[in-house]
Amino acid sequence: MTLTQNAPVTTGAAQAPPAARRALPSVKTVVIAAGAYLVAFLFLFPYLVMVLTALRPQKELRQATYLPETFEWSNFANFWTGGLAGNLGVTLQVAAGSTVLVLLVALPAAYYTARHNFRGRTAFMILVLITQMFQPTAMLVGIYREFFQFGLIDTVWSLILVNGGFNLAFAVWILNAYFSSIPRELEEAAFIDGNGRFGALFRITLPLAMPGVVTALIFTFIAAWNEFVVALTLTTSPANQPLTVALNSFIGQYQVDWQNLFAGSVIATIPVIILFALIERKVVGGLTAGSVK
């Protein structure tokens, strides 16, 4: 009589080697992660203090406590009842108008310089770079006199033109690098399919260059949103001042209305954070454009 012994059936989990199990992170990974969290905390700590101060009542401003005993939510309500909502609207108009103006000028300029090796191209790009070195504060007198002669003092258009002009050079450089990284063969294939220059630009090149466009958009928007000195010089009436200048009204000669100042600062920061969070991935791609050929 012969005995037959069946081989034991093993499951897939039992056959998996021990190395396939999730390994613990190395010491190097833990140190890098801890350093990253520490840096993030150092950057976020001032914003945390700003939020907590905005929620403090007047009587608790000088208390050495981390959290307020009572949360004064009315400090945020005072932002809207105090008339600063109109200044927030002016800031939105200036930031959006400056961004649209920069994109309308920078896109054709960057595309042409990236696709055509015309005489003086290098000099033109150097000139664009040189304009980035000038600061608006160094030319405030000339800027004020120029807009005064055209009757544009205390208008939103003056702020749009100045912010657009001083952010144009950065946008041209970023977009030029991104257009240069897109192969010409893609446009030539579009030409064969019957598309013209503008058809190839809007259907092929511009969608591929969208990370660079988004990068120019977000940096221009943030720069125009945070601008203070030029707005303080070119605007005189409180209703036409952007939020950065209007918040300065909480700083008096003898005292500072800290809780309302920080409440307004928190509200002014939220739109930029939301915008950057929505398009953060494309911003990274736009900044690294042209680095790898």
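None of the values given here were measured: they were computed from a predicted structure.

Caption draft 1: View of the environment of G264. Relative to the helices and strands, G264 is located in helix α13 (residues 258–278). The class for G264 is buried, based on a relative accessible area of 0%. Counting along the chain gives 179 residues from G264 to A85, while the straight-line C-alpha distance between them is 9.8 Å.

Caption draft 2: Summary view of helix α10 (residues 210–226). The terminal C-alpha atoms of α10, which comprises 17 residues, lie 24 Å apart, in line with the 24 Å expected from a rise of 1.5 Å per residue. Residues of α10 that are buried: P211, G212, V213, V214, T215, A216, I218, T220, F221, A224 and W225.

Caption draft 3: How the structure looks around the side chain of E227. Mapped onto the secondary structure, E227 falls in the loop between α10 and α11 (229–234). This buried residue, E227, is left without a salt bridge; R145 holds the nearest opposite charge, at 20 Å. For E227, the side chain forms a polar contact with the main-chain nitrogen of A231, separated by 3.0 Å. Here E227 is in contact with N163 and T244, once residues within four sequence places are set aside.

Caption draft 4: Region of the structure containing unusual backbone geometry. At D154, a position not held by glycine, the phi torsion is positive, near 65°. By secondary structure assignment, the location of D154 is in the loop between α6 (140–149) and α7 (156–181).

Caption draft 5: The packing of aromatic side chains, seen in detail. Evaluated as defined, the whole model comprises seven aromatic pairs. With a centroid separation of 6.4 Å and an interplanar angle of 35°, the aromatic rings of W73 and F76 are classed as tilted. The exposure class of W73 is exposed, given its relative accessible area of 57%. Each ring, one from F221 and one from W225, has its centre 5.7 Å from the other, and the planes form 25°; the classification is stacked. Placement of the pair is F221 and W225 together in helix α10, with a separation of four residues, close to one helical turn.

Conventions we followed
Residues numbered from 1 in each chain as written. Predicted model: local features only at pLDDT ≥ 70, side-chain atom pairs only at ≥ 80, totals over all residues. Heavy atoms only, no water. Helix = DSSP H or I, 4+ residues; strand = E, 2+ residues; numbered from the N terminus. Buried < 20%, exposed > 50% of the residue type's maximum accessible area, 1.4 Å probe, protein only. Expected span 1.5 Å × (residues − 1). Lys, Arg positive; Asp, Glu negative; His and termini not counted. Salt bridge = Lys/Arg side-chain N within 4 Å of Asp/Glu carboxyl O. Polar contact = N/O pair within 3.5 Å; in protein donor to acceptor, adjacent residues only side chain to side chain. Contact = heavy atoms within 4.5 Å. Phe/Tyr/Trp six-rings, centres within 6.5 Å; stacked < 30°, edge-to-face > 60°.

Such coordinate-based values are descriptive only and should not be taken to indicate function.
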